[in-house]
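Structural characterization, general
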Amino acid sequence: MKLYLDTSDVASVKRLARIFPLAGVTTNPSIVAAGKKPVDVLLPELKEALGNEGVLFAQVMAPHADQMVEEARRLRAIVNDIVVKIPVTAEGLAAIKMLTKEGIPTLGTAVYGAFQGCLSALAGAQYVAPYVNRLDAQGGNGIQTVQELQLLLKTHAPASKVLAASFKTPRQALDCLLAGCEAITLPLDVAEQIISTPAVNAAVEKFEKDWFTAFNTTTI
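Residues numbered from 1 in each chain as written. Predicted model: local features only at pLDDT ≥ 70, side-chain atom pairs only at ≥ 80, totals over all residues. Heavy atoms only, no water.

Some remarks on the packing of helix H6 (residues 114-123) against helix H8 (residues 142-156)
Where we set the bar: Interaxial angle, 0 to 180 degrees, is taken between N-to-C directions of lines fitted to C-alpha atoms, where a helix line uses only the stretch in contact. What counts as a helix is a DSSP run of H or I of at least four residues, what counts as a strand is a run of E of at least two, and both are numbered from the N terminus. Handedness of a crossing follows from how the near helix is turned relative to the far one, being left-handed for an anticlockwise turn of less than a right angle and right-handed for a clockwise one. Any two residues whose heavy atoms approach within 4.5 Å are treated as being in contact. By the convention adopted, Pro, Cys, Tyr, Trp, Phe, Met, Ile, Leu, Val and Ala count as nonpolar, Lys, Arg, Asp and Glu as charged, and the other residues, Gly among them, as polar.
At a minimum axis separation of 9 Å, H6 and H8 run at an interaxial angle of 35 degrees. Between H6 and H8 lies a crossing of right-handed hand. Contacts between H6 and H8 involve Ala-114, Phe-115, Gly-117, Cys-118, Ala-121 and Leu-122 on the former and, on the latter, Thr-145, Glu-148, Leu-149, Leu-152, Leu-153 and His-156. Counted by class, the contact of H6 with H8 contains 8 nonpolar, 3 polar and 1 charged residues.

Spelled out as structure tokens, the structure:
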């Protein structure tokens, strides 16, 4: 299993990279816009925050395939091993095919259906990102879509991987992993919840209190 953070917060990436076994960082236009930092500044900073290791993902903005390809090239000029996120629209599928021929790795994003995601993998996308929580919010079943997509990729596009996105709770992420998902990307708040459980903090505080009562110190 590979774990990514879905953020443009450089300081948080640097802090959490010390704690989590991070495989990299994913971004999208909304995340980048929220941070108000242009990609030519942001992406190198994120790479550095990861210790110049791991994989970065950044998304194109253009609506047409030729323009998407040009933007992908620009992103690769900023960070030469970046994975380019392409929305799985009709034009996006065409762009993925073109970028695959150029040897530029892609992720099919904004995936709301298993068949849609499989098409991006068949076009050459190395990663496919189903939106788990957004599917649930629209009355669908995010985890079921992940399971269906994984089965399709295993059967028809084994070189591609599911990288599940759009989580609101740690439980959603856990259910994805239990379904056999190979990679997930977490927003900062969900990542923080996983390691900041009040019951755990209370247990540690009790250990410290009992130890101090017995030995007048909080160290061994």
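Having seen it, we continue.
As for the packing of aromatic side chains
As a reminder of what qualifies: What counts as a ring pair is set by centres within 6.5 Å for rings of Phe, Tyr and Trp (its six-membered ring), and what kind of pair is set by the plane angle: stacked under 30 degrees, edge-to-face over 60, tilted for all other angles. Only protein chains enter the accessibility calculation, which uses a 1.4 Å probe; a residue whose area is less than 20% of its type maximum is buried, one above 50% is exposed, and one in between is partly exposed.
According to the stated counting rule, one finds 4 aromatic pairs in the structure shown. A centroid spacing of 5.2 Å and a plane angle of 80 degrees characterise the contact between Phe-57 and Tyr-127, whose relative ring orientation is edge-to-face. Placement of Phe-57 in strand E3 (residues 55-59) and of Tyr-127 in strand E6 (residues 127-130) is noted, with a sequence separation of 70 residues between them. Tyr-127 carries the same exposure label as Phe-57, and that label is buried.

Overview of a nonpolar patch on the surface
Spelled out, the test is: Patch membership is restricted to residues that have no salt bridge and whose relative accessible area is over 30%. Joining uses 9 Å for like charges and 5 Å for the nonpolar side chains Val, Leu, Ile, Met, Phe, Trp and Tyr. Calculation of accessible area relied on Shrake-Rupley with a 1.4 Å probe; when residues are assessed, cover is drawn exclusively from the protein chains displayed. Salt bridge, as applied in this entry: a Lys or Arg side-chain nitrogen positioned within 4 Å of an Asp or Glu carboxyl oxygen.
On the surface, Ile-19, Ile-194 and Ile-195 cluster together into a nonpolar patch covering about 240 Å² of accessible area. Checked against the element boundaries, Ile-195 lands in helix H10 (residues 188-195). Of the residues examined, Ile-195 reaches a relative accessible area of 39% and is grouped as partly exposed.

Looking at unusual backbone geometry
The residue Lys-36 is not glycine, and still its phi comes out positive at about 55 degrees. Despite not being glycine, Asn-52 has its phi angle at roughly 60 degrees, a positive value. Within the element layout of this structure, Asn-52 appears in the loop between helix H3 (39-49) and E3. Under the relative-accessibility criterion, Asn-52 is labelled exposed at 54%.

Section: the nonpolar core
Our working rule: Note on terminology: a nonpolar core comprises buried Ala, Val, Leu, Ile, Met, Phe, Trp, Tyr and Cys residues joined through side-chain atoms within 4.5 Å.
The biggest cluster of nonpolar side chains holds 55 residues, and the ones touching the most others in it are Ala-164, Cys-176 and Ile-184. With near-sequence residues (within four places) excluded, Ile-184 lies in contact with Met-1, Lys-2, Leu-3, Tyr-4, Leu-163, Ala-164, Phe-167, Ala-173, Cys-176 and Leu-177. Val-83, Ala-129, Leu-163 and Ala-183 belong to the second-largest nonpolar core, a separate cluster that totals 9 residues.

Regarding the layout of surface pockets
As a reminder of what qualifies: For cavity detection a 1 Å grid was placed over the protein atoms alone, and a set of points counts as a cavity when a 1.4 Å probe fits there but cannot get out; an open set counts as a pocket when protein lies on both sides within 12 Å along at least five of seven lines, with lining residues being those that have an atom within 4 Å of a point. Grid points are joined across faces, edges and corners, and a volume is the space filled by probe spheres set on the points.
Each pocket or cavity is described by its volume, and for the largest pocket that value is around 430 Å³. Along the walls of the largest pocket sit 24 residues, with Asp-6, Asn-28, Ile-31, Arg-134 and Ser-166 positioned nearest its centre. Residue assignment for the lining of the largest pocket shows that the elements contributing at least two residues are helix H2 (29-35), strand E5 (106-111) and helix H7 (132-137). For the lining of the largest pocket, the element with the highest residue contribution is H2, accounting for 3 residues. When the residues that make up the lining of the largest pocket are grouped by side-chain class, the tally is 9 nonpolar, 10 polar and 5 charged. Space inside the second largest pocket adds up to approximately 240 Å³. Forming the boundary of the second largest pocket are 13 residues, of which Val-39, Gln-59, Val-60, Met-61 and Leu-75 lie nearest the centre. For the lining of the second largest pocket, the elements supplying multiple residues, two or more each, are H2, E3 and helix H4 (65-78). It is H4 that contributes the most residues to the lining of the second largest pocket, 4 residues altogether. Looking at side-chain class alone, the lining of the second largest pocket contains 8 nonpolar, 3 polar and 2 charged residues.

With respect to the pattern of salt bridges
A side chain of one charge can pair with a side chain of the opposite charge when the charged atoms of the two come close. Inspection of every chain in the model, using the stated rule, returns 8 salt bridges. Put simply, Asp-210 and Lys-206 hold a salt bridge, and the shortest N to O gap is 2.7 Å. Of this pair, Asp-210 and Lys-206 both sit in helix H11 (residues 198-215), 4 residues apart, which is roughly one turn of the helix. Look at Asp-210 and you get partly exposed, because its relative accessible area is 39%. The network of salt bridges with common partners includes Glu-70, Arg-73, Arg-74 and Glu-102.

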